[in-house]
Amino acid sequence: MLLKAALTSFRRGASLSAEPVSTSLHVSLKHLAAYNAVCGFGLRDALPLTYPHVLGFPLQMKLMTGSGFPFPLPGLVHIANRITQSRPLTLDEPLEITVSARDLREHPQGTQVDVVTSVSGVWEGVSTYLRRTGGSSGPGEELERPVGSAVWRVPGDIGRRYGAVSGDRNPIHLYPLSAKLFGFKRAIAHGMWTKARCLAALEGRLPEAVTVDVRFKKPLLIPGRVEFSAHENGTGWEFAVWGKGPHLLGSAA
């Protein structure tokens, strides 16, 4: 789906006029079980925090390939994601999903925009995308590598496996050859898989009403070996995924 949309989305201007798109659905237990297996979650009545993002993905693609979205899909970089829920969504409840776009704004390297997925008034996911048009990233942050609490060996097929359950079959995630066509040495893991894997490692330790904010840093080349770290900071959790540098930096409170 993503590849087809990317190849057919050539347009765009400098304004944002995309209309929200919506749907209603019920969760498939088979699909949820497959998602949980790929990301490391246990199967429970409460949906994993990141799962509604996957449910909203077809609507996200519909909105982002529509005439009112300012950028073509090729070249867009997912740089951040924030999820807020006031209570867990459950397996048996009907879900109302709406996807919209907002806050087109400048970035030191181009222009960024938020794609917002809202579910039943209790869950919201905000994905920030960057369209690079030049400029400098500046000197960058001085980041201290945290002490790892676990070592993860990320398999080379995780992009294909996550793509099968998420619908996100961007070629940069699937095979080394297709990733090389877009400038990567090897395929890279999905950012939202990496976030989900972190939250699976924290399963049972986060409050039911929570905000989880992450920034995606260096691409995680697969197969790969990374360190996961997590610690409580007095108000919640801070967590990270590092290889030779940071791949993901996150907080939950």
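Scroll up for the structure.
Computed from a prediction, not measured in an experiment: that's the story for all the values here.

A. Fine view of the overall build of the chain. In terms of helices and strands, the chain carries seven helices and ten strands. Relative to its length of 253 residues, the chain is compact, with a C-alpha radius of gyration of 18 Å against a globular reference of 18 Å. Principal-axis analysis of the C-alpha atoms places the extent of the chain at approximately 45 × 45 × 35 Å. The buried share of the chain, taken over its 253 residues, is 47%. Considering only contacts within the chain whose residues lie at least 6 apart along the sequence, 69% involve residues at least 24 apart. About 12300 Å² of surface is accessible on the chain, with carbon and sulfur atoms providing 53% of the total.

B. Region of interest: the sheet that holds strand β1 (residues 21–25). Strand order in the open sheet made by the ten strands is β1-β3-β4-β5-β2-β7-β10-β9-β8-β6, with antiparallel pairing throughout. With one partner strand each, in any of the chains shown, β1 and β6 (150–154) form the two edges of the open sheet. Geometrically, the sheet is characterised by an average inter-axis angle of 20° between neighbouring strands, direction not taken into account. Here six bridges tie strand β9 (residues 237–242) to strand β10 (residues 246–252), and the two strands are oriented antiparallel to one another. Bridged to Phe239 within β10 is Gly250. The strands touched by helix α7 (residues 191–201) within the sheet are β2 (76–85), β6, β7 (210–216), β8 (224–232), β9 and β10, with β2 carrying the most contacts at an inclination of about 35°.

C. Seen up close, the packing of helix α2 (residues 29–39) against α7. The contact between α2 and α7 brings their axes to 9 Å, and the two run at 85°. By the angle class used here, α2 and α7 are roughly perpendicular. Across from Tyr35, Val38 and Cys39 in α2, the residues of α7 making contact are Trp193, Ala196, Arg197 and Ala200. Grouping the amino acids of the contact of α2 with α7 by side-chain chemistry returns six nonpolar, no polar and one charged.

D. Inspection of the packing of α2 against helix α5 (residues 158–166) at higher detail. The N-to-C vectors of α2 and α5 enclose an angle of 155°; their axes lie 9 Å apart at closest approach. The angle between α2 and α5 falls in the class roughly antiparallel. The way α2 lies across α5 gives a crossing that is left-handed. Facing α2, whose interface residues are His31, Ala34, Tyr35, Ala37, Val38 and Cys39, α5 presents Ile158, Arg161, Tyr162 and Val165. Split by residue class, the contact of α2 with α5 holds eight nonpolar, one polar and one charged.

E. Structural detail: the packing of aromatic side chains. Considering all chains together, one arrives at five aromatic pairs under this definition. An angle of 55° between the planes, with centres 6.4 Å apart, marks the rings of Tyr35 and Tyr162 as tilted. With Tyr35 in helix α2 and Tyr162 in helix α5, the pair connects residues that are 127 residues apart, well separated along the chain. Given a relative accessible area of 2%, Tyr162 falls into the buried group. Plain terms: the ring middles of Phe69 and Phe71 are 6.2 Å apart, the flat faces sit at 90° to each other, and that makes the pair edge-to-face. Residue classification places Phe69 among the buried residues on the basis of a relative accessible area of 1%.

F. Inspection of the pattern of salt bridges at higher detail. For the structure on display, the rule yields six salt bridges. Of the charged contacts in the structure, one is a salt bridge between Glu93 and Arg87, with a shortest N-O distance of 3.1 Å. Here Glu227 makes a salt bridge to Arg145, at a shortest N to O gap of 3.7 Å. Highlighted residues: Glu227 in strand β8 and Arg145 in the loop between β5 (123–132) and β6, separated in sequence by 82 residues. Residues joined in a network through salt bridges with shared partners are Asp103, Arg105 and Asp114.

Each value, and the rule that gives it
- Residues numbered from 1 in each chain as written.
- Predicted model: local features only at pLDDT ≥ 70, side-chain atom pairs only at ≥ 80, totals over all residues.
- Heavy atoms only, no water.
- Helix = DSSP H or I, 4+ residues; strand = E, 2+ residues; numbered from the N terminus.
- Rg over C-alpha atoms; globule rule 2.2 N^0.38 Å.
- Buried < 20%, exposed > 50% of the residue type's maximum accessible area, 1.4 Å probe, protein only.
- Contact = heavy atoms within 4.5 Å.
- Areas by Shrake-Rupley, 256 points an atom, 1.4 Å probe, with all protein chains shown as cover.
- Pairing = 2+ DSSP bridges.
- Axes fitted to C-alpha atoms, helices over the stretch in contact; angles between N-to-C directions.
- Parallel < 35°, antiparallel > 145°, perpendicular 65-115°, else oblique.
- Nonpolar A, V, L, I, M, F, W, Y, C, P; charged D, E, K, R; others polar.
- Left-handed = near helix turned anticlockwise from the far one by under 90°.
- Phe/Tyr/Trp six-rings, centres within 6.5 Å; stacked < 30°, edge-to-face > 60°.
- Salt bridge = Lys/Arg side-chain N within 4 Å of Asp/Glu carboxyl O.

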